[in-house]
Amino acid sequence: MYVVKSPLTDADLKTVSEALQGALVDLVDLALVAKQIHWNVVGPRFRSVHLQLDELVGTARTHSDTVAERASALGVSPDGRAATVAVGSGIDVTPEGWVDDTTAVQTIVDALGAVIGRMRERITATGDPDPVSQDIFIQITADLEKQHWMFQAENG
């Protein structure tokens, strides 16, 4: 069903919609990974890591909503279903069970690194076809890089 007409050409819309869908999947998975570790982190830095993970979950959820709404505004139906996220995410599998604080932080550092790398590719891909979406990716990347720095500092 066709509901919203995009102002972009078909070719540009294809590029931008793929970037938005990929970002949505990565952000939904990042929120899930961070929440899973949030529930299972143990160790001397439990409280600080536990709280920091909730901040990351909030950031990822806020940005996933922005990305999904941008896709909708361009006439693209966003897909954040679990099955879609499971096959499309660039984040490695999360450790099962209790996770010591050092491993928890490193897992998040790695997940953020993967998502940031893919976001930077999306910044490049959307620059010409849609600077508005590119601007969204730039802001997301800036926020994720700040989180990446803070989690890296946790493990020194």
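Refer to the preceding data block for the structure.
Residues numbered from 1 in each chain as written. Predicted model: local features only at pLDDT ≥ 70, side-chain atom pairs only at ≥ 80, totals over all residues. Heavy atoms only, no water.

**Remarks on the side chain of S6**
- Along the chain, S6 turns up in the segment before α1 (10–40).
- Reaching out from S6, the side chain makes a polar contact with the backbone nitrogen of L8 at a distance of 3.0 Å.
- Residue contacts for S6: discarding those within four places in its chain leaves L13 and L74. (Helix = DSSP H or I, 4+ residues; strand = E, 2+ residues; numbered from the N terminus. Polar contact = N/O pair within 3.5 Å; in protein donor to acceptor, adjacent residues only side chain to side chain. Contact = heavy atoms within 4.5 Å.)

**Topic: the packing of helix α2 (residues 46–73) against helix α4 (residues 101–126)**
- Interhelical geometry of α2 versus α4 gives an angle of 20° and a closest axis separation of 10 Å. The angle between the axes of α2 and α4 places the two elements in the roughly parallel class. Of the two possible hands of crossing, α2 and α4 adopt the one that is left-handed. Between α2 and α4, the contacting residues are F46, V49, L53 and L56 on the first element and D101, V105, I108 and L112 on the second.
- Class assignment for the residues of the contact of α2 with α4 results in seven nonpolar, no polar and one charged. (Axes fitted to C-alpha atoms, helices over the stretch in contact; angles between N-to-C directions. Parallel < 35°, antiparallel > 145°, perpendicular 65-115°, else oblique. Left-handed = near helix turned anticlockwise from the far one by under 90°. Nonpolar A, V, L, I, M, F, W, Y, C, P; charged D, E, K, R; others polar.)

**Some thoughts on the side chain of Q52**
- You can see Q52 is positioned in helix α2.
- For Q52, a relative accessible area of 9% corresponds to the buried category.
- Filtering out sequence-adjacent residues up to four positions away, Q52 remains in contact with Q147, M150, F151 and E154. (Buried < 20%, exposed > 50% of the residue type's maximum accessible area, 1.4 Å probe, protein only.)

**Here we look at the nonpolar core**
- Counting residues in each nonpolar core, the largest one holds 40 residues, and the members touching the most others are I108 and L144.
- Those elements that provide at least two residues to this core are α1, α2, α4 and α5 (131–155).
- Top element by residues in this core is α1. It accounts for twelve residues.
- If sequence neighbours within four positions are ignored, I108 has contacts with V33, A34, I37, L53, L56 and F151. (Core = buried A, V, L, I, M, F, W, Y, C linked by side-chain atoms within 4.5 Å.)

**Quick word on the pattern of salt bridges**
- Counted under the stated rule, the structure contains nine salt bridges.
- Between E18 and K14 there is a salt bridge, with its nearest N and O atoms 2.5 Å apart. Linking E18 with K14, this pair stays in helix α1, spanning four residues, or about one helical turn.
- Look at E18 and you get partly exposed, because its relative accessible area is 48%.
- One salt bridge in this structure joins R70 and D130, with 2.9 Å as the shortest N-O distance. (Salt bridge = Lys/Arg side-chain N within 4 Å of Asp/Glu carboxyl O.)

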